[in-house]
Amino acid sequence: MKTLHSLLAGLRPASLIARRIAVLLLLLTAGMVVVQPCAGQSGTWTATGGLNTARYGHTEVLLSNGKVLVAGGYGINFLPLASAELYDPATQTWTATGNLVTARAEHTATLLLNGKVLVAGGWDINFVPLTSAELYDPATGTWTATGSLITAHVAPTATLLPNDKVLVVGGEDGGTFLASAELYDPAAGTWTATGNLSSAREGHTMNLLLNGEVLVAGGYDGADLTSAELYNPATGTWTATGSLKTMRRVHTATLLPNGEVLVAGGYNDSIGYLASAELYNSASGTWKATGSLAIERVDQTATLLPDGRVLIVGGINQFSGELASAELYDSGSGSWADTGSLISGRAFHTATLLPNGVVLVAGGEDGPPLASAELYGSDGNGGLTLVSTASRKKHGDAGTFDIDLPLTGTPGVECRVGNGGTFRQSIVFSFSEPVTSVSGTTTTTCGTVNSTTISGSTVTVELGHVSCDGSDITVTIPSVTGASGSVDASATMTLRTGDVNADGVVNNKDLKEIKMNVGRGLVNENNFRDDITVDGKVNHGDTTLEKSKL
Ligand SMILES: [Ca+2]
Ligand SMILES: [Ca+2]
């Protein structure tokens, strides 16, 4: 798949699975039907500065300094590149940075905890599989060789583990699909083997789960795979988990905030290009179908947005070639919505969520390699996205303290006393860019809206009469407008006075926690939840109120 157009042009082939898909594509294009995606309903695509070098099959990593590093890939002559570039979101420009020690494509790139970037494997400029690995230092803008992989891996997957080691899995060595896995230790600069998968895999996906295990799913070992495996970093072992509903390779897999993994699209030899999607439940180790993409796609990107939705961009299928369309997955409804058209169709590109909530999509191929880049969700100046919401109360002389209200999943618990008109209660909405206007705020279940105030990129709603203890309250501000458009924003909290540890019940555990903090002066960021009377101190008033709620 990966070097599809170089294959069609009879140029140098790349990975084994790429060759297998390309052959099928040639057979299918005989009866070609062009399907135009629907017009965009929401979401904005705008051009940003172009890369200095057109490329696809490169890597893209958000650095800890907020810039984006692009490295290697296939260039205009379909040969692996040594060049690397930095994107600065503030100026929307790309500048060259140091060249890789070794030109490479279909490698991996991983941000380490120390801020350096590890690049490993891939093809070299003669299409020899690489064992070499190198480190990029953002402080100096240079690359230096580090220890080499035990086995050359082309198109493997790589994941930073919580222990700061990097797990590199599968791919191929130029002739054989690989079941091997290796661990890179940044402290030693060396690689060690860490067990074999039960199946060799290329075109698979890999995700670090919330429980610290690593899920590897699907791919190709000469035949398409439904199987999936779990890696336990503590033991260095692999075990089988539930199998995908549909065998697939070159799909995407995205960890959702609720811990599920969304797998979408891809390809298999019996169906061809896939629109189907499925969800992995790590608690049960099982997969279930979810809504299908509107358009079959392979070699697309998937990016988790700050609001919990997943943005799928571009890719390719047999009907339309490189796709300019994009779709958004809503895990609440399990459905997809069209979200506008890119300026250019593109496949085998990269996509990165920037700190301001905008998604940078760079390079790829639309026949030839692309230098162009685009931003999603904005006019290029930041984009209007809801970034976070919080419940804010003033605790006497100790100041104000916020309880985070997650945008998706289980609502945040407001454990402090309902105001009934007496105590101030605000809901704070933070956006990715300055807000210019909002329209009528509403609240469900209980509470009146005293005021709605805009300050920069923050909208603060002050509520009165929040007296429905035990209920969920949703505050909605429709049509929050900034320079790059409008969104409807809402925040939900569970009002459960006395549930200071937010475990869903009010019981002696909460009372014990309050008692532990009695008499420590003014409350701080660590113990303010125990001051349920919001007077600034954890004291007798809190234990009395807590006992009345047990
Ligand atoms: Ca509790
Ligand atoms: Ca108190």
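Please read all numbers here as calculations on a predicted model, not as lab measurements.

(A) Spatial organisation of the pairing of strand β29 (residues 335-341). Relative to β29, strand β28 (residues 325-330) is paired through five bridges, and the arrangement is antiparallel. Each bridged residue has a counterpart across the sheet, and for Asp-330 the counterpart in β29 is Ser-335. Turn length for the β28-β29 hairpin, with the two strands adjacent in sequence and antiparallel, is four residues, and the turn residue Gly-334 shows positive phi of about 65 degrees.

(B) Up close: the sheet that holds strand β19 (residues 261-264). With respect to topology, four strands assemble into an open sheet ordered β18-β19-β22-β23, the strand pairing being antiparallel. Each having just a single partner strand, β18 (252-255) and β23 (286-290) make up the two edges of the open sheet. On average, each strand axis in the sheet is tilted by 25 degrees relative to the strand beside it, whichever way the strands run. Relative to β19, β18 is paired through four bridges, and the arrangement is antiparallel. Within β19, the position partnered with Thr-252 by the bridge is Ala-264.

(C) Spotlight on unusual backbone geometry. Positive phi values are uncommon outside glycine, yet Glu-106 reaches one of about 60 degrees. Among the secondary structure elements, Glu-106 is positioned in the loop between β5 (93-97) and β6 (108-111). Judged by local crowding, Glu-106 falls into the buried class, with 29 C-beta atoms found within 10 Å. Even without glycine at this site, Ser-479 takes up a positive phi of about 55 degrees. Among the secondary structure elements, Ser-479 is positioned in strand β41 (residues 472-482).

Cut-off values and rules
- Residues numbered from 1 in each chain as written.
- Chains lettered and ligands numbered in written order.
- Predicted model: local features only at pLDDT ≥ 70, side-chain atom pairs only at ≥ 80, totals over all residues.
- Pairing = 2+ DSSP bridges.
- Helix = DSSP H or I, 4+ residues; strand = E, 2+ residues; numbered from the N terminus.
- Axes fitted to C-alpha atoms, helices over the stretch in contact; angles between N-to-C directions.
- Buried ≥ 20, exposed ≤ 12 C-beta atoms within 10 Å, placed from the backbone.

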